[in-house]
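# Notes for the structure review
Letter by letter, the chains look like this.
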Amino acid sequence: MKTTISVLFGAIIIFLSINVNAQKDYAFFDIEQIFAVMPEAERAQALFEKEQNDVLAQFEEMQVEYNNLYQALIDDQEKDDNDPTKWSKIVSEDKQVQLMQIQERMQRFQLTAQEDLQTRQIELLTPVYNKIDSAVAVVVQEKGYPFAFDKNEVFYINEDKC
């Protein structure tokens, strides 16, 4: 903890010394705001949400299948042993195995879907963020700013000075 504070303090001192010795103009961008107005970002997010909704719909179908089988097992267990509609022991055991298989399938699906969606989101958003980075680089270069900051990642901004 002490080391972290020392490193942070050192970084602030270095930054302040650079600030004193360097040009006083800095570029501040709001990457989130830029992202929000880009048509490419809107399309990427819409596509991602559609794919995410497809995955959720599939998972919900699996959950319904699980719940229906579970309820059928409960209903069957509540029946009297002399009830002719009660499942035999072997059928009941098979239904329990099916229930466990559905549960395992749901867990695998959920894990795989989560990883796949995360990868897909990166695939869709990377070109958008690359375009933003390129545009920021052009502006910074043209205006001659020594540094550019995303205002959402700066520790403190004196709004009166920006």
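Residues numbered from 1 in each chain as written. Predicted model: local features only at pLDDT ≥ 70, side-chain atom pairs only at ≥ 80, totals over all residues. Heavy atoms only, no water.

## Brief notes about the overall build of the protein
For the protein, the helix and strand inventory stands at 4 helices and 2 strands. Mapped from its N terminus to its C terminus, the protein presents α and β elements in the order α-β-α-α-α-β. Within the protein, the fraction of its 162 residues that count as buried is 19%. Contacts in the protein between residues at least 24 apart in sequence constitute 80% of all its contacts with a sequence separation of at least 6. A total of about 12600 Å² of accessible surface is found on the protein, and carbon and sulfur atoms cover 55% of it. (Helix = DSSP H or I, 4+ residues; strand = E, 2+ residues; numbered from the N terminus. Buried < 20%, exposed > 50% of the residue type's maximum accessible area, 1.4 Å probe, protein only. Contact = heavy atoms within 4.5 Å. Areas by Shrake-Rupley, 256 points an atom, 1.4 Å probe, with all protein chains shown as cover.)

## A look at the packing of aromatic side chains
Evaluated as defined, the whole model comprises 4 aromatic pairs. Taking the centre distance of 5.0 Å and the plane angle of 10° together, the rings of F35 and Y129 count as stacked. With a gap of 94 residues between them, F35 in helix α2 (residues 31–37) and Y129 in helix α4 (residues 89–143) connect regions that are remote in the sequence. Residue classification places F35 among the buried residues on the basis of a relative accessible area of 9%. Pairing Y66 with Y70 gives two aromatic rings, centres 6.3 Å apart and planes at 10°, and the pair type is stacked. Of this pair, Y66 and Y70 both sit in helix α3 (residues 39–78), 4 residues apart, roughly one helical turn. Since its relative accessible area comes to 41%, Y70 is described here as partly exposed. It is K95 that lies over the ring of W87; its NZ or CZ is 5.3 Å from the centre. (Phe/Tyr/Trp six-rings, centres within 6.5 Å; stacked < 30°, edge-to-face > 60°. Lys NZ or Arg CZ within 6 Å of the ring centre and 35° of its normal.)

## What about α3?
Between its first and last C-alpha atoms α3 spans 58 Å; for 40 residues at 1.5 Å apiece the expected length is 58 Å, and the two agree. Residues of α3 that are buried include every one of A41, A44, F48, F59, M62, Y66, L69, L73 and D76, and no others. For α3, the elements touching its buried residues are α2 and α4. (Expected span 1.5 Å × (residues − 1).)

## Topic: the pattern of salt bridges
On inspection of all chains with the given rule, the structure shows 5 salt bridges. Here E40 makes a salt bridge to K131, at a shortest N to O gap of 2.2 Å. Taken together, the residues span a long stretch of sequence, with E40 in helix α3 and K131 in helix α4 at a distance of 91 residues. With relative accessibility at 23%, the residue E40 sits in the partly exposed group. Between R120 and E123 there is a salt bridge, with its nearest N and O atoms 3.3 Å apart. With R120 and E123 both in helix α4 and 3 residues apart, the pair spans about one turn of that helix. (Salt bridge = Lys/Arg side-chain N within 4 Å of Asp/Glu carboxyl O.)

## Observations concerning the nonpolar core
By size, the foremost hydrophobic cluster in this structure holds 15 residues, and its most contacted members are F29, F35, V128, I132 and V136. Those elements that provide at least two residues to this core are β1 (27–29), α2, α3 and α4. No other element matches α4, which puts 7 residues into this core. Those residues in contact with I132 that lie beyond four places of it in its chain are I31, I34, F35 and M38. Formed by 8 residues, the second largest nonpolar core is a distinct cluster that contains F59, Y66, L69 and I102. (Core = buried A, V, L, I, M, F, W, Y, C linked by side-chain atoms within 4.5 Å.)

## Details of the confidence of the model for the protein
For the protein, per-residue confidence averages 82 on the pLDDT scale, and residues scoring 70 or more make up 80% of the total. The least confident element of the protein is helix α1 (residues 2–21), whose mean pLDDT is 37; the most confident is α3, at 96. Segment residues 1–23: pLDDT under 50, and 5 contacts once partners within four positions in sequence are set aside and those in other chains are kept. (pLDDT = per-residue confidence, 0-100.)

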